[in-house]
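A structural walkthrough
Here is what each chain is made of, one letter per residue.
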Amino acid sequence: MNNVVYVAGWIAIAGLVALGAPPAPGAPNRPVAARPPIVFTQVAPAAKVQADAGLAGTFLGAHLAMLSPSGAIKDLTTDFHSAADPDVSWDGKKILFAGQKTAADLWQIYEMNADGSGARQIVTVPFNCRQPIYQSMIFYLDDPGPVPQISFGGAAGLAAEGDLGVVWSLY
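Now for a look at the structure at hand. (Residues numbered from 1 in each chain as written. Predicted model: local features only at pLDDT ≥ 70, side-chain atom pairs only at ≥ 80, totals over all residues. Heavy atoms only, no water.)

Take the side chain of N128 next. Structurally, N128 is set in strand β8 (residues 128–138). For N128, a relative accessible area of 17% puts it in the buried group. (Helix = DSSP H or I, 4+ residues; strand = E, 2+ residues; numbered from the N terminus. Buried < 20%, exposed > 50% of the residue type's maximum accessible area, 1.4 Å probe, protein only.)

This part takes up the pattern of salt bridges. As enumerated under the stated definition, the model contains two salt bridges in all. Between R130 and D85 there is a salt bridge, with its nearest N and O atoms 2.7 Å apart. You can see R130 sitting in strand β8 and its partner D85 sitting in strand β4 (residues 82–88), a full 45 residues away along the chain. A relative accessible area of 16% means that D85 is categorised as buried. (Salt bridge = Lys/Arg side-chain N within 4 Å of Asp/Glu carboxyl O.)

On the basis of which strands lie adjacent, the open sheet formed by four strands has the order β4-β5-β6-β7 and antiparallel pairing. Both edges of this open sheet fall to β4 and β7 (120–123), since each of them pairs with a single strand only. Each neighbouring strand pair of the sheet contributes to a mean axis angle of 35 degrees, computed without reference to strand direction. Pairing between strand β5 (residues 94–100) and strand β6 (residues 108–113): six bridges, direction antiparallel. (Pairing = 2+ DSSP bridges. Axes fitted to C-alpha atoms, helices over the stretch in contact; angles between N-to-C directions.)

So, in structure tokens, the structure goes:
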């Protein structure tokens, strides 16, 4: 887990550096397209990522943040104890994420507007849920239009064989 977080951090830094790099000498002057904001999980300065804590024990105290093209950072989840795993919708209007309102709450799945407003819980189950993603829409013949779908990982409390902890399943 630590290696994954470490590598992901370096990839994010490399991407930010590339976005802000000046053009090469002699490169033609082209209009620069507007860059979209970047949504990411911001770990609290004092937080420690524990590889052996399991998925539910990671990113405690973290928040979702948005880096604007101007370089300003905005906290999107000030009303949450912990938030992580953001996934931006296909049209860029919504953000799906895992969150805990209080430290005693289970991780559940929430959705909010891209500006951080209107957060609402969309999955309520009696176990921890993490890593939500938007899927493509599905169309049933008796529906007036396509139906949105999401997937997420959840730990329903089943113990793994040996001493491996709780089994996580795809929902």
